[in-house]
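Topology and contacts: notes
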Amino acid sequence: MSLFCSALDFSYLCSMTYQELWNRLTPLYDAGEAKAIARMVLESEFSMTLTDLYTGKVNELSGKDLAFLDDIFSRLEKGEPVQYVLGKAEFAGRAFHVEPGVLIPRPETAQLCQLAEDELTSQFEEPYKVLDIGTGSGCIAITLALDLAEKNKKAEVKAWDISDDALRIASANASALNANVSFEKHDALNLSELPESEEKFNLIVSNPPYIADEEAKDMEKNVMEFEPHLALFVPNDDPLRFYRAIAEYGKKMLAKNGILAFEMNSRFVRDMEQMLSALGYSDIRSVKDQFGNYRFTLARN
């Protein structure tokens, strides 16, 4: 037993195993998810492979590292999402810094980026002008900027949010990933107050709040207690409020045939299509995500 462990008087810290770690999470998660979270922590913080886990490498960590690991799992046991605990989330093959001021990027949102990029590059000439409204961690704007740059496509990408925390985090992510994105503070519900510009966007993309308040009772604890409600919920009687405001702005600020690309709540897919049609958009289509749910709506100005 190390001197560090003796001083702490936590004998269990000196004999921690991979199985003991993930078992600590089974009151909150099923066994498969608990194992995945434990693997994520051990790979991220200690560069352990799956082989390392099954050959007992966890038990070879120093007392100091085991104490650090115990602190991480104490937070996870309280329901804190692993991405917040580690301070990062994987999205579209890149690591983004996240903290409780922004939503954790979901894998389906990467599909929104791909759909938007495909529409953009097939319909317009460079340089592209792109706007991401409600950027959060910046994952959409940064992904589009980097993916286009990697294909030697010129683009001017802007990203807006009302949250100072979100803009701070998104700006830091852009700097860390060397993405050319400009950030501004704007309220998505008050875009009509912005002056109209002659410079139009080819693409406006957004993943705004879209979960109705009445759905909160079915949400998981780690989402409800840790992720920002401002970025999640909309009133039951007006679930399309953000989409309507953005779509109305898009009628003024999208170029001819400009693209509107939304991530959305599958409950409101028909309402969304009807709203966009009433505003005068064309080529409206809703697309399913990898889980078979209608998750995205695209339209043209």
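Our structure's up above, just so we're on the same page.
Presented here is an overview of the structure given in this document. (Residues numbered from 1 in each chain as written. Predicted model: local features only at pLDDT ≥ 70, side-chain atom pairs only at ≥ 80, totals over all residues. Heavy atoms only, no water.)

**Things to note about the overall build of the protein**
A count of helices and strands for the protein gives twelve helices and eleven strands. Expressed as a percentage of its 301 residues, the buried residues of the protein come to 48%. Once local pairs closer than 6 in sequence are excluded, the contacts in the protein between residues at least 24 apart make up 69%. Taken as a whole, the protein presents about 14,500 Å² of accessible surface, with 48% of it coming from carbon and sulfur. (Helix = DSSP H or I, 4+ residues; strand = E, 2+ residues; numbered from the N terminus. Buried < 20%, exposed > 50% of the residue type's maximum accessible area, 1.4 Å probe, protein only. Contact = heavy atoms within 4.5 Å. Areas by Shrake-Rupley, 256 points an atom, 1.4 Å probe, with all protein chains shown as cover.)

**Observations regarding the layout of surface pockets**
In this structure, the second largest pocket spans a volume of roughly 180 Å³. Elements with a contribution of two residues or more to the lining of the second largest pocket: strand E4 (155–161) and helix H11 (241–253). Of the residues that constitute the lining of the second largest pocket, the class distribution is six nonpolar, two polar and six charged. (1 Å grid on protein atoms, 1.4 Å probe; cavity = no way out; pocket = protein on both sides within 12 Å on 5 of 7 lines; lining within 4 Å. Points joined across faces, edges and corners; volume = space filled by probe spheres on them. Nonpolar A, V, L, I, M, F, W, Y, C, P; charged D, E, K, R; others polar.)

**Quick look at the side chain of Glu117**
Secondary-structure assignment places Glu117 in helix H7 (residues 107–123). Judged by its relative accessible area of 1%, Glu117 is buried. Each residue touching Glu117, except ones within four places of it in the same chain, is listed here: Leu144, Asp147, Leu148 and Lys151.

**Some details on the sheet that holds strand E3 (residues 128–133)**
Pairing in this open sheet of seven strands is mixed, and the strands run E5-E4-E3-E6-E9-E11-E10 from one edge to the other. Of all strands in the sheet, those bounded by a partner on one side alone are strand E5 (181–185) and strand E10 (282–288). For this sheet, the mean angle separating the axes of adjacent strands, direction not counted, is 15°. As judged from the five bridges shared by strand E9 (residues 254–263) and strand E11 (residues 294–300), these two strands associate in the antiparallel manner. Each bridged residue has a counterpart across the sheet, and for Glu263 the counterpart in E11 is Phe296. The strands that H7 touches are E3, strand E6 (201–206), E9, E10 and E11; relative to E11, the one it contacts most, it runs at about 20°. In the packing of helix H9 (residues 164–177) onto the sheet, the strands contacted are E4 and E5, and the crossing angle to E5 comes to about 170°. (Pairing = 2+ DSSP bridges. Axes fitted to C-alpha atoms, helices over the stretch in contact; angles between N-to-C directions.)

**A word on the nonpolar core**
Of all hydrophobic cores here, the largest spans 30 residues; its most connected members are Leu120, Val181 and Leu203. Among the elements of the structure, H7, E3, helix H8 (139–150), E4, E6, E9 and E11 are those that each provide at least two residues to this core. Beyond its immediate chain neighbours, meaning those up to four positions away, Leu120 contacts Tyr128, Val130, Leu148, Asn202, Leu203 and Ile259. Membership of the second largest hydrophobic core comes to 26 residues, among which are Leu131, Ile246, Val269 and Met275. (Core = buried A, V, L, I, M, F, W, Y, C linked by side-chain atoms within 4.5 Å.)

**Some points on unusual backbone geometry**
In this structure, the amide linkage connecting Glu126 to the following residue, Pro127, adopts the cis form with an omega of -5°. Along the chain, the position of Pro127 falls in the loop between H7 and E3. Located in the positive-phi region is Asn257, a residue other than glycine, with phi close to 65°. For Asn257, the location among the structural elements is in strand E9. Taking the relative accessible area as the measure of exposure, Asn257 reaches 37% and is therefore partly exposed. Even without a glycine there, the phi angle at Asp283 is positive, about 50°. Residue placement: Asp283 occurs in strand E10.

Purely geometric numbers; function is a separate question.
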